[in-house]
Amino acid sequence: MTDAPITSLDQLQGYFRTAAKPRAAFRVGVEHEKIPVREDGMPAPYEGPNGIARLLEKLQGQGFTALMEGANVIALERGNEQITLEPGGQLELSGPAVQSAVASAEALDAHIREVTEAARPLGIRFIAGGFRPWGRIQDVPWLPKRRYAVMRDYLPRRGRLALEMMQRTATVQANFDFCDEAEAVDKLRTALGVTPVVTALYAASPISEGRPNGFQTYRAAVWLETDEARCGILPFAFEPGFGFARYAQWALDVPMFFVVRDGVYNPVHELTFRRFVAEGWNGHRATMHDWEVHLSTLFPEVRLKRTIEVRGADAGPLSFVRGLAALWRGLLESPEARAASWALVAKLSIDERLRLRREVPRAGLGAKAGGRSLAEMAVELCRIAVAGLAQLPAGTPDQELLAPLADYAARGRSPADDLLADFTAANGDPAKLIKKWELG
């Protein structure tokens, strides 16, 4: 990525266009966030002999290289795998780009075994779920990362629950390649269209601050009040003529968080990337590296970067996390499956799509779209995904990963229903629930 100044807005579209790959080179990657808690359910600290920083030190002894900001470890790298930290200490795997969902699940399994074995002697447990079940936001430590310091100041002015998003949510996402602009547009639009169904099926955050919160996915509710300028379902993606140019035009007008120079994250309140390109900032000109950084600060439900990123799922039980790449691979990589998926939601108006996004956090699979419940549509999406995988290289083994999802969809049930049942059975006891919800 060049540091030369941007001389034409066409370069910004080119960033997406040059990411196109031949189908034989298509890969899938998964990013998975995990919530760290102490044995009493409270947030694990960052500092101290039994904190997240100590866990990162231990992992360095297993072949990881530390990425530092000052004296703080902010990420680990080993080959094509990276471990990063979210603002509230959520540990995130950015898995390798692999050919199949099975290969992705195997990499995920190995990662979870490794980090949980390193964490247990420190009294740290990683639990399934899209939102911290215990503790107030004031109890969650802030990761000492420069990027997050700027976001911590900026986002609360744009959304009432923005800090909740940063500190207490956990998501799993899958990333996919595209062969050209037309396919990228088709994948992005289709994924945006069916994301409410996937969000409902993956709902796994009905508990917060030690009690039921009235939501199936409180994580999704939090995102409704974060920063609508950079979040949501991108209504323009459903309009005729949508393409790389339109996505770039949207991104150009979203205010930037910062300009990074020499490792310093300089806040730039209300400066859009369009103005940065046209006017510069404090003598600095916008570069393609700045564009790449800015794109990483946009959070729509489906995001366009060098891949298509599908982002709308709670990081729930491991069986669901393992199945996410298989579900989306089956829905998006086969043209026939993609068309069938889009047909389920093609007739919805923008108003209906916006309404659905607001109903899903509470109603989950009980929400309705076009006269059908999302539970019915989830059953159909699982069937489409199975058929789609059958048409793909190494796709047939991936089908087995869909079995838990299809079973829940058939019963009109999401992981949130299990978490609520577990909570009732354990009378809310964190010690019992951690044993039930622990990953690894």
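Read on for a plain summary of the structure. (Residues numbered from 1 in each chain as written. Predicted model: local features only at pLDDT ≥ 70, side-chain atom pairs only at ≥ 80, totals over all residues. Heavy atoms only, no water.)

## Topic: the overall build of the protein chain
Okay, so step 1: Each helix and strand in the protein chain was counted, giving 17 helices and 17 strands.
Okay, so step 2: Taken over the C-alpha trace, the protein chain has a radius of gyration of 21 Å; the compact-globule value for 440 residues is 22 Å, and the two agree within 12%.
Okay, so step 3: Counting only C-alpha atoms and orienting by the principal axes, one finds that the protein chain spans roughly 60 × 50 × 40 Å.
Okay, so step 4: By residue count, 59% of the 440 residues in the protein chain fall in the buried class.
Okay, so step 5: Across the protein chain, contacts joining residues at least 24 apart in sequence account for 74% of those joining residues at least 6 apart.
Okay, so step 6: With an accessible surface of roughly 16700 Å², the protein chain has 51% of that area assigned to carbon and sulfur atoms.
Okay, so step 7: Once the 53 positive and 54 negative side-chain charges of the protein chain are each reduced to a mean point, those two points are 2 Å apart. (Helix = DSSP H or I, 4+ residues; strand = E, 2+ residues; numbered from the N terminus. Rg over C-alpha atoms; globule rule 2.2 N^0.38 Å. Buried < 20%, exposed > 50% of the residue type's maximum accessible area, 1.4 Å probe, protein only. Contact = heavy atoms within 4.5 Å. Areas by Shrake-Rupley, 256 points an atom, 1.4 Å probe, with all protein chains shown as cover. Lys, Arg positive; Asp, Glu negative; His and termini not counted. Charge placed at Lys NZ, Arg CZ, Asp CG, Glu CD.)

## Observations concerning helix α10 (residues 288-295)
Okay, so step 1: Within α10, 6 of the 8 residues are buried, which leaves the element mostly enclosed by the surrounding structure.
Okay, so step 2: The complete set of buried residues in α10 reads M288, D290, W291, V293, H294 and L295.

## With respect to the environment of E438
Okay, so step 1: Along the chain, the position of E438 falls in the segment after α17 (430-437).
Okay, so step 2: A sequence separation of 94 residues divides E438 from L344, and the C-alpha atoms of the two residues are 35 Å apart.
Okay, so step 3: Beyond its immediate sequence surroundings of up to four residues, E438 is in contact with R120, R125, F126 and I127.
Okay, so step 4: A distance of 3.2 Å separates the side chain of E438 from the side chain of R120, its partner in a polar contact. (Polar contact = N/O pair within 3.5 Å; in protein donor to acceptor, adjacent residues only side chain to side chain.)

## Some words on the pattern of salt bridges
Okay, so step 1: The full count for this structure, using the stated rule, is 35 salt bridges.
Okay, so step 2: Two residues, E81 and R78, come together in a salt bridge whose shortest N-O distance is 3.1 Å.
Okay, so step 3: The exposure class assigned to E81 is buried, which follows from its relative accessible area of 14%.
Okay, so step 4: Of the residues examined, R78 reaches a relative accessible area of 24% and is grouped as partly exposed.
Okay, so step 5: The residue D186 makes a salt bridge to R338 at a minimum N-O spacing of 2.8 Å. Highlighted residues: D186 in helix α6 (residues 181-201) and R338 in helix α12 (residues 335-345), separated in sequence by 152 residues. (Salt bridge = Lys/Arg side-chain N within 4 Å of Asp/Glu carboxyl O.)

## Examining helix α14 (residues 374-389)
Okay, so step 1: When the terminal C-alpha atoms of α14 are compared, their 22 Å separation across 16 residues agrees well with the 22 Å that a helix rising 1.5 Å per residue should span.
Okay, so step 2: Those residues of α14 not exposed but buried are L374, A375, M377, A378, L381, C382, I384, A385, G388 and L389. (Expected span 1.5 Å × (residues − 1).)

## Things to note about the packing of α6 against helix α13 (residues 350-363)
Okay, so step 1: Interhelical geometry of α6 versus α13 gives an angle of 10° and a closest axis separation of 10 Å. For the element pair α6 / α13, the angle class is roughly parallel. Facing α6, whose interface residues are G193, P196, T199 and A200, α13 presents R353, L356 and V360.
Okay, so step 2: Residue composition of the contact of α6 with α13, by class: 4 nonpolar, 2 polar and 1 charged. (Axes fitted to C-alpha atoms, helices over the stretch in contact; angles between N-to-C directions. Parallel < 35°, antiparallel > 145°, perpendicular 65-115°, else oblique. Nonpolar A, V, L, I, M, F, W, Y, C, P; charged D, E, K, R; others polar.)

## Some details on unusual backbone geometry
Most peptide bonds are trans, and most residues other than glycine sit at a negative phi.
Okay, so step 1: The residue E209 is not glycine, and still its phi comes out positive at about 50°.
Okay, so step 2: Along the polypeptide, E209 turns up in the loop between β8 (207-208) and β9 (211-212).
Okay, so step 3: Under the relative-accessibility criterion, E209 is labelled partly exposed at 32%.
Okay, so step 4: Non-glycine residue N282 carries a positive phi angle of around 50°.
Okay, so step 5: Looking at where N282 falls in the secondary structure, it is placed in the loop between α9 (273-279) and α10.
Okay, so step 6: Overall, N282 belongs to the exposed group, its relative accessible area being 62%.

## Looking at the environment of T116
Okay, so step 1: As for its position among the elements, T116 is in helix α3 (residues 101-119).
Okay, so step 2: In this structure, the C-alpha to C-alpha distance between T116 and L234, residues 118 residues apart in sequence, is 37 Å.
Okay, so step 3: Setting aside its immediate chain neighbours within four residues, T116 contacts F126, L439 and G440.

## Focus: the pairing of strand β15 (residues 308-314)
Okay, so step 1: Burial within β15 is extensive, with 7 of its 7 residues counted as buried.
Okay, so step 2: Inspection of the sheet shows strand β7 (residues 171-176) paired to β15 by 5 bridges, in the antiparallel sense. Following the sheet pairing, N175 is matched in β15 by E309.
Okay, so step 3: As judged from the 3 bridges shared by strand β14 (residues 302-304) and β15, these two strands associate in the antiparallel manner. Looking at the pairing, R303 lines up with E309 of β15.
Okay, so step 4: In this structure, the hairpin formed by β14 and β15 is closed by a connection of 3 residues. (Pairing = 2+ DSSP bridges.)

## Re the pairing of β7
Okay, so step 1: The buried fraction of β7 amounts to 6 of the 6 residues, a majority that puts the element mostly inside the structure.
Okay, so step 2: By the alternation rule, side chains of β7 split into T171, Q173 and N175 and V172, A174 and F176, which are all buried.
Okay, so step 3: Alignment of strand β1 (residues 28-37) against β7, held across 5 bridges, turns out to be antiparallel. Of the residues in β7, the one forming a bridge with V30 is A174.

## Some details on the packing of aromatic side chains
Okay, so step 1: If you walk through the whole model with that rule in mind, you get 20 aromatic pairs.
Okay, so step 2: Centre to centre, the rings of F16 and F244 are 5.6 Å apart; their planes meet at 40°, and the pair counts as tilted. Taken together, the residues span a long stretch of sequence, with F16 in helix α1 (residues 10-17) and F244 in helix α8 (residues 244-252) at a distance of 228 residues. With respect to burial, F16 and F244 carry one shared label: buried.
Okay, so step 3: Relative to W250, the ring of F236 lies with its centre 5.9 Å away and its plane at 45°, an arrangement referred to as tilted. With F236 in the loop between β10 (231-232) and α8 and W250 in helix α8, the pair connects residues that are 14 residues apart, well separated along the chain. For the pair formed by F236 and W250, the shared burial category is buried.
Okay, so step 4: One aromatic cluster in this structure is built from Y15, F16, F178, F236, F242, F244, Y247, W250, F273, F276 and W291. (Phe/Tyr/Trp six-rings, centres within 6.5 Å; stacked < 30°, edge-to-face > 60°.)

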